[in-house]
Each structure stands twice: as C-alpha cells, then as structure tokens.
Amino acid sequence: MNINDFPDDIRENIIPNPYGSMFYRCLACNREFDIENLLYTCPSCGGILMLYQRPSEKIKNIDGDAWRKIFDYRRMINRSSLRGVFRFYEFIAPIIPLESIVYLGEGSTPLVEANTNIEQEIGLPVYFKYEGLNPSLSFKDRGMACALSFLNYLAAKKGLKNILAICASTGDTSASAALYSAYLTGLVKSAVILPKGKVTSQQLSQPIVSGATVFEIPGVFDDCMKVVEVLSEKYNVALLNSKNSWRILGQESFAFEVAQEFDYTVSDKVIVVPIGNAGNISAIMSGFLKFLKANIISGLPKILGVQSEHANPVYRYYLEEDTPMRAFKPVHVKPSVAQAAMIGNPVSMPRVIDIVREYNQVAGQKRVFVAQVTEQEIMDATMAANKNGHIVCTQGGESLAGLMRAREMGIVSDKETGILDSTAHSLKFSGFQQMYLEDTFPEEFGIKPNKEYRNSPVSIIPEGIKKMPGTGEPLTEQELQIFVRASAETIANILSLKKI
Ligand SMILES: *Cc1c(COP(=O)(O)O)cnc(C)c1O
Ligand SMILES: [Zn+2]
C-alpha cells in the first residue's frame, strides 16, 4: 500500500525514524556500557549483557490501541527493511537507520493450525509456527538479522572494515551467521566452529556454501563455545553467539508476531519452546513482557520450555520448587535427536533465570514451566507431525512431545491453545527420520521405531521386460510403450486401483 493511503492518525508512524540511544547493562553487576564498542560480556565482571533503550518515552507516549494499529498497518507497507523482524522497529533497536537494516526474508513465518488428528490427540487447539521457513531454515535468522543490521550500522558510523564474525554452533547458528555475513561480503567474513560429527550434513553444507571458514573440533557444542569465548576475549572479532544481546532482541520478534497473529489476545495461549542455550525462550518471554508493559497485550501467555532427558540442565534447575534452594549445575549431554538443543551448559542461563523470575512476578502467578521428554517421545512426535502434514524438525517434535507431557501433568488445560515453536526445517534433520524408518539408531539414543510410521520407497521393475530406460541406449518408441504400460499396471496392482 502506498504511504499516502494509510490512515491519517498513524501515517507518520508507519515508516519509523531512528531515535534515542541504547546501552548495555550487565546482568550481574549492573554497570552500563556504551554500544559503540563491540561487547559481548561485561568488561568488568564477565557477566551477561542486556540491551536497553534510553529514553523510553516514545513507547509510553503511544497507547496500546495505537501500537496495534501501527503494526497491523505496517504489515502492508512495501519496504524491505520493514518486512522482517523490524516491523516491530521501536521494540527491537530503534537506533538503526532503515538503510542499514539487512533483510533476507526472515520473520513472518507461517502459523499453521495442527490437523484434526493432532488436535484430538492433545485435546486442545494447537498451532505450529514454522520457524524452519526462515531463509537459513531456522529461527536463528531473526536474531542474526538484528545483529548484522547493527554491525552494518556501526561499521558505517565508525568506518569499520574487514570484520571477522565468529560463532560456535550446534549447526543452525553457523548456517545463519554465514548466510548474513555472506550478504555483507566486503564488510564481514565469517568463521564458524562446530562439534565434529554433531551437526547434520545439511547443516554443515550451509556455512560452506556461504563461504565461511568452517572449523570442526572434537567434543560437543559446550566445548566449541569455550574455544569461541577465548577467541572473543583475546582477539578482535565480532561474536555472533547468543551471548550477543542484539540477537536476543531480534528473536523477541517471535513473541510480537504471535501476539499480532492472535489479534493481541495471548493470555489463553501456551507457547512451547525447545531449550538449548536458552536464548530463544528468554527472548520470547522478554518480547511478551515488552508488549505487556506497552499495553499492546493485556496478559501474558503461559510459557512451556522443553528439554530432552539427554540434555536437561534447565529442567533440572527448575525441578527444585524452592527458589533459594536452586543451584545451577551443567550436565554432560548424551546424544540427542534434538541435536540443535543438545547443550549441557546454556550460555543464557543467567538471562533465563532473571527473566523467568520477572515473568512470573509480573503475571502474579507461575506462568513458566519446563517439561522433560524422552528421545523416543521426541522422535515419535516428530514422525507424527510430519505424517499429519506438518513441516516439523526434531526440536519441533520436542515441542509437541512437551505439550503432550504437560497435558499429562495437568500443566495445560483444554481451555488453552498451544503454539508450538518448530524451530527449524525438518529436512535439516531428515537423517534422524531416516534412522527411525530404517531402525538404525545407535543404542545410546534408546529409540525404537513405531511400526505405524514404517515407509520406504517401492522399486518398480516390471516383469518380463527386456529393455528398461536409463541404461544408456534410448528405447525405441515400441519398447518405451511396453515399459510404460507394464510399469503402470504394476503400480495400479500395488495400489489396488479400479479400472474406469
Ligand atoms: C538453536 C536451536 C534451538 C535452541 O535454541 P536456544 O536459543 O539455544 O535455546 C532449538 N532448535 C533449533 C532448531 C535450533 O537451531
Ligand atoms: Zn558486570
């Protein structure tokens, strides 16, 4: 829609101008730092940094009704910079000029209602949000769009050149970091550090194709993260892990979109999120809190984090109901099909602890829950979702399994609506589905396939045919006809088709 056709009362707010300033504040020591320096942890105590806006009047001066109207109309403006996560510009990073925003098609992911089978099985309305339909096929693009837009802006402002961006990854962060860095070729180069053999071949191919330098090291993600931490402390690099708080801001857009997609009524919703480093779940809670404070929503949704019993440090932490008694202990992970969340020492643990406390406090009741599921349950749920017409990765399957578990535990009632974060595209993890179908899971996963999902290609070799296509020499017209008829007949027999 042309800008002149927007309603008068909101027209000047449709295309935003940068305003105010932003700053880091350390979660541990509360010191504040300027954003002009590339910081990832607190220079004085090493704590996690959070980003804030100053002043925050603009958000307060517009009421909830007006914000809803602005965002609903902004969906219709044809500006690249406002199509993605920056539709919610004022709530993400309103210091970034629109011309610095990097938009590669992230955000506005499909919200798809689960089919009747799945809804009946769970006993309540359920929606999947397909985060796998982001450009690098995972939700990580939301955060990367924000982090690289900021880097792009800072580079222009300070004349930075030849930036080296690095990250450790369970596969999807590196795919996303490499993609966005590749778009800024000439300004940003990327290097990614992966645990050898612990990312899928599809995930591994992504940063390679984008031209990143890819390092594989022995161990699991937690070991890669340690290496990256040393690199980012001792060398001049831009860190793109979720310690980078710009990423968290971009990932808040998931919450904003969900609010908008349900006409800003979310207090009867349950948002189900698989937890790895706990960056995503922190961002989602933070997003809903921001919308509540601005009166854009009038209540907070329930949040359900899910972990596999093979990588469950956050679940264990919250098992202790008595807050002062809680103590965080990293765990040694075991192989998990929810491999993108296979993390024993989550980088964002201090963030999630802080935000869960605030979330429950603002809600005036316990609104955040963490469920644990088995590898078998994750895989069965993944297969069930895909068999019912959904595009769900193993972590999305973990969300579905988590909602089922929460129903059994009485955490979620049939008066609520489940929103399942399907965090990546199913094809990135198709190898696990393959192992399930072929019953070839290594023992440590403890997964046995359910026969209901058994499926494999049927090879058609029609009987009594001398010449087949594809053997080099082309068939004659007659040979081809014989082959085609015989093949069609064989298929019709197998499918028990009736003649017309
Ligand atoms: C990164 C990732 C997760 C875990 O998210 P965190 O922010 O690390 O908790 C889950 N699923 C997929 C597909 C991911 O790529
Ligand atoms: Zn500090």
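Note that the structure is a prediction, hence the values are computed from the model and not measured.

**Digging into the packing of aromatic side chains**
For the structure on display, the rule yields 23 aromatic pairs. Here Phe 71 and Phe 91 contribute two aromatic rings whose centre-to-centre distance is 5.8 Å and whose plane-to-plane angle is 70 degrees, an arrangement assigned as edge-to-face. Residue Phe 71 is located in helix α3 (residues 64-74), and its partner Phe 91 is located in helix α4 (residues 89-92); the two are separated by 20 residues in the primary sequence. No difference in accessibility class separates Phe 71 from Phe 91, as the two residues are buried. A network of ring pairs unites the aromatic residues Trp 67, Phe 71, Phe 88, Phe 91, Phe 256 and Phe 291 as a single cluster.

**Let's talk about the domain arrangement of the protein chain**
Looking at the protein chain, the domain boundaries give domain 1 (111-135 + 252-453), domain 2 (139-245) and domain 3 (459-500). For domain 2 versus domain 3, the separation of C-alpha centres amounts to 51 Å.

**A look at the packing of helix α15 (residues 375-387) against helix α16 (residues 394-408)**
α16 packs onto α15 with a crossing angle of 105 degrees between their chain directions and a minimal axis gap of 7 Å. If you check the angle between α15 and α16, you find them roughly perpendicular. Only Thr 394, Gly 397, Glu 398, Leu 400, Ala 401 and Arg 405 of α16 make contact with α15, whose side of the interface consists of Glu 377, Ile 378, Met 379, Ala 381, Thr 382 and Ala 385. Its residues assigned to classes, the contact of α15 with α16 comprises six nonpolar, three polar and three charged.

**Focus: the layout of surface pockets**
To find leftover empty space, a probe the size of one water molecule is rolled over the atoms. Estimated volume of the largest pocket: approximately 720 Å³. For the largest pocket, the lining is made up of 26 residues, of which Leu 51, Tyr 52, Gln 53, Lys 290 and Lys 293 are closest to its centre. Looking at the lining of the largest pocket, the elements that each hand over two or more residues are β3 (49-54), α2 (57-61), α4, α10 (245-251), α12 (279-293) and α14 (349-363).

**As for the site of ligand 1**
In the neighbourhood of ligand 1, 13 residues make up the surrounding shell, with Lys 140, Asp 172, Asn 277, Asn 280 and Thr 423 lying closest. At a separation of 2.8 Å, an oxygen atom of ligand 1 approaches a polar backbone atom of Ala 278. Contact between ligand 1 and Asn 280: an oxygen atom at 2.8 Å from a main-chain N or O atom of the residue. When ligand 1 is considered free in solution it has 380 Å² of accessible area, and contact with the protein chains removes 98% of it. The cavity where ligand 1 resides is the largest cavity. Looking at the shell around ligand 1 residue by residue, the classes come out as five nonpolar, six polar and two charged.

**Structural notes on the sheet that holds strand β5 (residues 126-130)**
Spatial strand order, β4-β5-β13-β10-β11-β12: six strands in an open sheet with mixed pairing. What marks the edges here is a single partner per strand, and that holds for β4 (111-113) and β12 (368-373). Going from strand to strand, the sheet's axes swing by 25 degrees on average, the running direction of each strand aside. As defined by bridge partners, strand β10 (residues 269-274) adjoins strand β11 (residues 302-308) across five bridges and the pair is classed as parallel. The residue bridging Ile 271 from the neighbouring strand is Ile 303, located in β11. In this fold helix α11 (residues 253-261) packs onto β4, β5, β10 and β13 (417-422), with an angle of close to 135 degrees to the strand it touches most, β5. α15 contacts β5, β11 and β12 of the sheet and is inclined by roughly 95 degrees relative to β12.

**A closer look at the environment of Ala 371**
As for its placement among the helices and strands, Ala 371 is situated in strand β12. Its relative accessible area of 0% is what places Ala 371 among the buried residues. Separated by 210 residues in the primary sequence, Ala 371 and Lys 161 place their C-alpha atoms 45 Å from one another. If sequence neighbours within four positions are ignored, Ala 371 has contacts with Leu 304, Gly 305, Val 306, Gln 307, Tyr 315, Gly 402 and Arg 405.

Analysis parameters
Residues numbered from 1 in each chain as written. Chains lettered and ligands numbered in written order. Predicted model: local features only at pLDDT ≥ 70, side-chain atom pairs only at ≥ 80, totals over all residues. Heavy atoms only, no water. Phe/Tyr/Trp six-rings, centres within 6.5 Å; stacked < 30°, edge-to-face > 60°. Helix = DSSP H or I, 4+ residues; strand = E, 2+ residues; numbered from the N terminus. Buried < 20%, exposed > 50% of the residue type's maximum accessible area, 1.4 Å probe, protein only. Domains from an automatic or database assignment. Axes fitted to C-alpha atoms, helices over the stretch in contact; angles between N-to-C directions. Parallel < 35°, antiparallel > 145°, perpendicular 65-115°, else oblique. Contact = heavy atoms within 4.5 Å. Nonpolar A, V, L, I, M, F, W, Y, C, P; charged D, E, K, R; others polar. 1 Å grid on protein atoms, 1.4 Å probe; cavity = no way out; pocket = protein on both sides within 12 Å on 5 of 7 lines; lining within 4 Å. Points joined across faces, edges and corners; volume = space filled by probe spheres on them. Near = heavy atom within 4 Å. Polar contact = N/O pair within 3.5 Å; in protein donor to acceptor, adjacent residues only side chain to side chain. Areas by Shrake-Rupley, 256 points an atom, 1.4 Å probe, with all protein chains shown as cover. Sits in = over half its atoms within 2 Å of the grid points. Pairing = 2+ DSSP bridges.

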